[in-house]
Amino acid sequence: TGWVNGRYEFDPRRVLENGYVNPNGDVQYVHQVPMDVDNPEQQQQGGGVGGKTLTLFRCTMRSQQKWWFLSEADADQPGTDKDIDYYQHKSKKWQEKKPPRRGWLTCRSGEDPPPTLQSLS
């Protein structure tokens, strides 16, 4: 799952006209997986992950707890069970504003070991 590594940036669809992110919405970052991450055989067979868009986002659950996910978000209904989740993290109150560095759990579509995140700012 090395292809989950890379730079995640604020999702431009979530940025308001004034240049800020909606303070009432959940935080979301995106990462485009490079096409060259797969070998040519996988690309010819239609497999592989190259070119997919991954999201790193915070979701407010029905219980009002905040969870972070590393996923392929569904284009029509992001943040639902239609997403393909690779990793998740149940946040403590102090982890709600930024994605946590450690403590990620592997979901059914992910592979161990889960990632360790590093902030670039």
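## Here's the deal with the overall build of the protein chain
The helix and strand tally for the protein chain stands at one helix and six strands. Listing every helix and strand of the protein chain by position from the N terminus yields β-β-α-β-β-β-β. Put simply, the protein chain has 121 residues, and 32% of those count as buried. Total accessible area on the protein chain is roughly 8,500 Å²; 48% of this is exposed by carbon and sulfur atoms.

## A word on the nonpolar core
Among the nonpolar cores identified, the biggest contains 10 residues, and these are Tyr-29, Val-33, Leu-54, Leu-56, Trp-68, Leu-70, Tyr-86, Tyr-87, Trp-104 and Leu-117. Where this core is concerned, the elements lending two or more residues are β3 (53-60), β4 (66-72) and β5 (84-90).

## A few points about unusual backbone geometry
In this structure, Pro-113 follows Asp-112 across a cis peptide bond, with omega equal to 0°. Residue placement: Pro-113 occurs in the segment after β6 (105-106). Phi is positive for Gln-64, which is not a glycine, with a value near 75°. Here Gln-64 is to be found in the loop between β3 and β4.

## Structural notes on the pairing of β5
In terms of strand pairing, β4 meets β5 through six bridges, oriented antiparallel. In the sheet register, Phe-69 faces β5, and the bridge partner there is Gln-88. As paired strands, β5 and β6 are joined by two bridges and run antiparallel to one another. Residue pairing across strands places Gln-88 opposite Leu-105, the latter belonging to β6.

## With respect to the packing of aromatic side chains
Enumeration according to the criterion identifies two aromatic pairs in this entry. Aromatic pair Phe-57 and Phe-69: ring centres 5.6 Å apart, planes at 25°, arrangement stacked. Remark: Phe-69 occurs in strand β4 and Phe-57 occurs in strand β3; sequence separation between them is 12 residues. Overall, Phe-57 belongs to the buried group, its relative accessible area being 6%. An angle of 20° between the planes, with centres 6.3 Å apart, marks the rings of Trp-67 and Phe-69 as stacked. Given the relative accessible area of 18%, Trp-67 is considered buried. Grouped by ring-pair contacts, the aromatic residues Phe-57, Trp-67 and Phe-69 constitute a single cluster.

## Regarding the confidence of the model for the protein chain
For the protein chain, per-residue confidence averages 75 on the pLDDT scale, and residues scoring 70 or more make up 63% of the total. The weakest mean pLDDT in the protein chain belongs to helix α1 (residues 40-44) at 45; the strongest belongs to β6 at 95.

Here is what the cut-offs are and how they apply
- Residues numbered from 1 in each chain as written.
- Predicted model: local features only at pLDDT ≥ 70, side-chain atom pairs only at ≥ 80, totals over all residues.
- Heavy atoms only, no water.
- Helix = DSSP H or I, 4+ residues; strand = E, 2+ residues; numbered from the N terminus.
- Buried < 20%, exposed > 50% of the residue type's maximum accessible area, 1.4 Å probe, protein only.
- Areas by Shrake-Rupley, 256 points an atom, 1.4 Å probe, with all protein chains shown as cover.
- Core = buried A, V, L, I, M, F, W, Y, C linked by side-chain atoms within 4.5 Å.
- Pairing = 2+ DSSP bridges.
- Phe/Tyr/Trp six-rings, centres within 6.5 Å; stacked < 30°, edge-to-face > 60°.
- pLDDT = per-residue confidence, 0-100.

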